[in-house]
Amino acid sequence: MPHFLRFSQGLETRLERLAERTGLSKAELIERLVSEGVDELETDLMFEDAPRRSHSELSIDQLLRESGLGI
């Protein structure tokens, strides 16, 4: 399901710079940020016993598959 997000110019610049330096698309970076943020929110706010996965344990391909955006 597509979502439309509006970012401040400063955040947009940071995302563009990060995308250029890593070779990842801004969409991939945003997906990763949202996934990691939701994991953290679940742990902090709702599910203190939920297993917490480190971002280093997940590949971008796995994040995309889990989100329904990947193949």
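Residues numbered from 1 in each chain as written. Predicted model: local features only at pLDDT ≥ 70, side-chain atom pairs only at ≥ 80, totals over all residues. Heavy atoms only, no water.

- Where an unreviewed UniProt entry is consulted, the protein chain appears under the name Ribbon-helix-helix protein, copG family, with the organism given as Halomonas caseinilytica.

## Description of the overall build of the protein chain
And then number 1: When you go through the protein chain residue by residue, the secondary structure sums to three helices and zero strands.
And then number 2: Counting helices and strands in the order they occur from the N terminus, the protein chain gives α-α-α.
And then number 3: Across the 71 residues that make up the protein chain, the buried fraction comes to 18%.
And then number 4: Accessible surface computed for the protein chain: about 5900 Å², of which carbon and sulfur atoms make up 54%. (Helix = DSSP H or I, 4+ residues; strand = E, 2+ residues; numbered from the N terminus. Buried < 20%, exposed > 50% of the residue type's maximum accessible area, 1.4 Å probe, protein only. Areas by Shrake-Rupley, 256 points an atom, 1.4 Å probe, with all protein chains shown as cover.)

## Notes on the packing of helix H1 (residues 9-22) against helix H2 (residues 26-46)
And then number 1: It is the contact of H1 with H2, at a shortest axis distance of 9 Å, that shows an interaxial angle of 110 degrees. Taken together, H1 and H2 sit at an angle that is classed as roughly perpendicular. Only Lys 26, Leu 29, Ile 30 and Leu 33 of H2 make contact with H1, whose side of the interface consists of Glu 12, Leu 15, Glu 16, Leu 18, Ala 19 and Thr 22.
And then number 2: A breakdown of the residues in the contact of H1 with H2 according to their chemical character gives six nonpolar, one polar and three charged. (Axes fitted to C-alpha atoms, helices over the stretch in contact; angles between N-to-C directions. Parallel < 35°, antiparallel > 145°, perpendicular 65-115°, else oblique. Contact = heavy atoms within 4.5 Å. Nonpolar A, V, L, I, M, F, W, Y, C, P; charged D, E, K, R; others polar.)

## A few points about H1
Owing to its 3.6 residues per turn, the α-helix aligns residues three or four sequence positions apart on the same side.
And then number 1: In a regular helix each residue adds 1.5 Å, so 14 residues correspond to 20 Å; H1 covers 20 Å between its end C-alpha atoms and thus fits that length.
And then number 2: Residues of H1 that are buried include every one of Glu 12, Leu 15 and Ala 19, and no others. Summarising the axial view, the buried residues of H1 lie within an arc of 65 degrees, below the 170-degree limit, and thus occupy one face. Away from its buried face by more than 90 degrees, H1 exposes Gln 9, Arg 14, Glu 20 and Arg 21.
And then number 3: Turning to H1, the residues buried within the fold contact H2.
And then number 4: Two residues or fewer past H1, Gly 23 is found with a positive phi of approximately 80 degrees. (Expected span 1.5 Å × (residues − 1). Arc of directions from axis to C-beta.)

## Points about the pattern of salt bridges
And then number 1: Evaluated as defined, the whole model comprises three salt bridges.
And then number 2: A salt bridge links Glu 16 to Lys 26; its shortest N-O distance comes to 3.7 Å. Of this pair, Glu 16 sits in helix H1 while Lys 26 sits in helix H2, placing them ten residues apart in sequence.
And then number 3: According to the relative accessible area criterion, Lys 26 is partly exposed, its value standing at 28%.
And then number 4: Each of Glu 12, Glu 16 and Lys 26 takes part in salt bridges that share partners, so that together they form one network. (Salt bridge = Lys/Arg side-chain N within 4 Å of Asp/Glu carboxyl O.)

## Focus: H2
And then number 1: Under the 1.5 Å per step criterion, the end-to-end length of H2 is 29 Å for 21 residues, consistent within 8% with the ideal 30 Å.
And then number 2: Looking at H2, one finds that the buried residues are Glu 28, Leu 29, Glu 31, Ser 35, Asp 39 and Thr 43.

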